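Below are the chains, spelled out letter by letter.
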Amino acid sequence: MIFTLLEASRAAWSSIRAHGLRSLLTMLGIVIGVGSVIAVISLVQGLRVSIAEEFQSLGTNTLTVRAYTPFEKRLQGQNARLTPADYLTVRDRVVGIETITPLLLTESGGQVNWNGNTTLTQVQGTTHSYQDVSNLFAEQGRFLTIEDDLKRRRVGVLGAKVVADLGIEDPLGAFINISGNWIKVVGIMESRGELFGRNQDDYVLLPFETVRSMNGLQNEPNLIMQLTVSNLEDMSAVSEQIATLLRRAHALSPTEDNDFRIQTPEQISESFNKIINTVTVIVSGIVGISLLVGGIGIMNIMLVSVTERTREIGICKALGARRQDILLQFLIEALTLSLLGGLAGLVLGYLIGITIASFVPQFPPVAVPWWAVGIALGFSGAIGVLFGILPASKAADLNPIDALRYE
């Protein structure tokens, strides 16, 4: 059996080499199909790895609580809010919280001016605990303090992109204008780069009470809460406590849904993973159609090869070759063509992924997981066997006498 397999492989390889150009053109469909799939997977998986690293930096013990209003209620003019009273309730009554901080956007917009230069950015109010919750610290100067918040000081810390956009050479101590309010720069935050094409250093942080006063103390703010849990095992218990307190504070009946969302980095990451998996399957399925086209090409060429080698098959049978020997030889030839095309497609797809990623600013490095390699080669082999069966069966079923008479 081993001798038969080796001899069939040798004969198949000899046939492929004897018709090099034809074999290359035959493999082209498989090369294009596998290359397209691998290029898509490498880009998407590279993005997935980058996302996982970004969420990992947030910490696994982090919770984010924000207001949530269903689309139907928003159409009716209803908007849920998380208020400072909600923040104090969670901060003072939930057991298991290590640090907690509120986040509040300015209602006057994010236009920042300095020395005639203007930029639009995200301006948020927060407290001294923000550093510990977000695991993001001041690289220059200092961060916001408790005193800054209590006295509503007009001070702020900037992201690196804001400093660059405004062209401030010596930002510490400089005064910037935010929607008519003069703010003294006391710190510059460490840089985090881009994620999903969005610069993570494009923001200004001010004391929470300062932003409240800028928005107008008579206006009810809608804030976000970010917190860390002391013990990772208590994550679910803390979430349940928060949900119970907020439902009670918002007077929600047992039949009403929550008007807030409690999210962990893992939940957000899982949502992204589901989207990425769906995109990968759909796009891979579309470009994978070219694999079927490549399989049809292999079947067509193998049928031509059977016709061309009819006399050869007749001689082999006359010399004692069995049906399974002929069948095996042509199946191995089709399988070899498919696997060679799959290997070439793997290399081509990886190179295409690298090329595309290099042309997209800040795009993460591509990644090709082993399961993608296995699926690509396995599917290529399956295509070879599937579309090689008909030509191989036709060759194996030839009558030796008729084959020897064939011109």
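Quick note: structure is the one above.
To start, this report covers the structure provided alongside it. The structure displayed is predicted, hence computed values, not measured ones.

**Here's the deal with the overall build of the protein**
Phase 1 of the analysis: Counting its secondary structure elements, the protein contains 15 helices and 14 strands.
Phase 2 of the analysis: Out of the 407 residues in the protein, the part that is buried amounts to 45%.
Phase 3 of the analysis: Sequence-distant contacts, at least 24 apart, represent 79% of the contacts inside the protein between residues at least 6 apart.
Phase 4 of the analysis: Of the accessible surface of the protein, which amounts to about 21000 Å², a share of 60% is contributed by carbon and sulfur atoms.

**Quick notes on the environment of D202**
Phase 1 of the analysis: By secondary structure assignment, the location of D202 is in the loop between β11 (198-199) and β12 (203-207).
Phase 2 of the analysis: Each C-alpha atom, one on D202 and one on T119, is 9.8 Å from the other, the two residues being 83 residues apart in sequence.
Phase 3 of the analysis: A polar contact of 2.7 Å, which involves the side chain of D202, links it to the side chain of T121.

**Quick look at helix α4 (residues 84-93)**
Phase 1 of the analysis: All of the buried residues in α4 are P84, D86, Y87 and V90. The buried residues of α4 occupy an angular sector of 155 degrees when the element is viewed end-on, so they sit on one face. Across α4 from its buried face, at more than 90 degrees, point the exposed residues D92 and R93.
Phase 2 of the analysis: Residues of α4 that are buried make contact with β2 (97-105), α8 (208-215), β13 (224-229) and α9 (235-249).

**Quick word on empty space enclosed by the protein**
Phase 1 of the analysis: Evaluation of the coordinates by the stated rule reveals two cavities of 30 Å³ or more.
Phase 2 of the analysis: One number sums up the size of the second largest cavity: a volume of about 30 Å³.
Phase 3 of the analysis: What lines the second largest cavity is L104, E107, R212, N215, G216, N219 and P221.
Phase 4 of the analysis: Residue composition of the lining of the second largest cavity, by class: two nonpolar, three polar and two charged.

**Quick look at the side chain of T101**
Phase 1 of the analysis: On the secondary structure map, T101 appears in strand β2.
Phase 2 of the analysis: The class for T101 is buried, based on a relative accessible area of 0%.
Phase 3 of the analysis: One polar contact links T101 to T126, side chain to side chain, over a distance of 2.8 Å.
Phase 4 of the analysis: Setting aside chain neighbours within four positions, we find T101 in contact with Y87, T126, T127, S129, Y130, V133, I224, M225 and Q226.

**Some remarks on the packing of aromatic side chains**
Phase 1 of the analysis: Scanning all chains against the criterion turns up one aromatic pair.
Phase 2 of the analysis: Seen from their ring centres, Y130 and F143 are 6.0 Å apart, and the 15 degrees between their planes marks the pair as stacked. Note that Y130 is positioned in helix α5 (residues 130-134) and F143 in the loop between β6 (138-141) and α6 (146-150), a separation of 13 residues in sequence. Like Y130, the residue F143 is buried in the burial classification.
Phase 3 of the analysis: Here R261 stacks its cationic end above the ring of Y68, 3.6 Å away from the centre of that ring.

**Quick word on the nonpolar core**
Phase 1 of the analysis: In this structure, V90, L158, I176, I178, L227 and I242 are the most contacted members of the largest nonpolar core, which totals 39 residues.
Phase 2 of the analysis: Of all the elements, α9 adds the most residues to this core, at six residues.
Phase 3 of the analysis: Apart from the residues within four sequence positions on either side, I176 is in contact with V112, N113, W114, L158, L166, I168, N181, W182, I183 and V185.
Phase 4 of the analysis: Grouped together as the second largest cluster of nonpolar side chains are eleven residues, L103, Y130, V155 and V186 included.

Calculation criteria
Position numbers for residues start from 1 in each chain and track the written sequence from start to end. Predicted model: local features are reported for residues with pLDDT of at least 70 only, side-chain atom pairs are reported and counted for 80 or more only, and whole-chain, interface and lining totals are derived from all residues. Computation of side-chain values covers all heavy atoms of the structure but excludes hydrogens and water. Secondary structure elements are defined from DSSP: runs of H or I of at least 4 residues count as helices, runs of E of at least 2 residues count as strands, and each element is numbered from the N terminus. Whether a residue is buried, partly exposed or exposed follows from its accessible area with a 1.4 Å probe, protein chains only, as a fraction of its type maximum: under 20%, in between, or over 50%, in that order. Throughout, a contact is declared for two residues whenever any of their heavy atoms are within 4.5 Å. For the area figures, the Shrake-Rupley method with a 1.4 Å probe applies, and any residue is considered shielded solely by the protein chains shown. Under the rule applied, a polar contact is a pair of N or O atoms within 3.5 Å (in protein, one hydrogen donor and one hydrogen acceptor; residues adjacent in sequence only if both atoms are side-chain atoms). Here, the arc refers to the directions that run from the helix axis to the C-beta atoms. The rule is simple: put a 1 Å grid over the protein atoms alone, call a set of points where a 1.4 Å probe fits but cannot get out a cavity, call an open set with protein on both sides within 12 Å along at least five of seven lines a pocket, and count a residue as lining if it has an atom within 4 Å of a point. Grid points are joined across faces, edges and corners, and a volume is the space filled by probe spheres set on the points. Residues are grouped as follows: Ala, Val, Leu, Ile, Met, Phe, Trp, Tyr, Cys and Pro are nonpolar; Asp, Glu, Lys and Arg are charged; every other residue, Gly included, is polar. Side-chain rings of Phe, Tyr and Trp (the six-membered ring for Trp) are treated as a pair once their centres are within 6.5 Å; stacked means planes under 30 degrees apart, edge-to-face means over 60, and tilted covers the remaining angles. In this analysis the charged atom, NZ for Lys or CZ for Arg, is taken to sit over a ring once it is within 6 Å of the ring centre and within 35 degrees of the ring normal. Throughout, nonpolar core names a set of buried Ala, Val, Leu, Ile, Met, Phe, Trp, Tyr and Cys residues whose side chains join them through atoms within 4.5 Å.

Treat this as a map of the structure, not an account of what it does.
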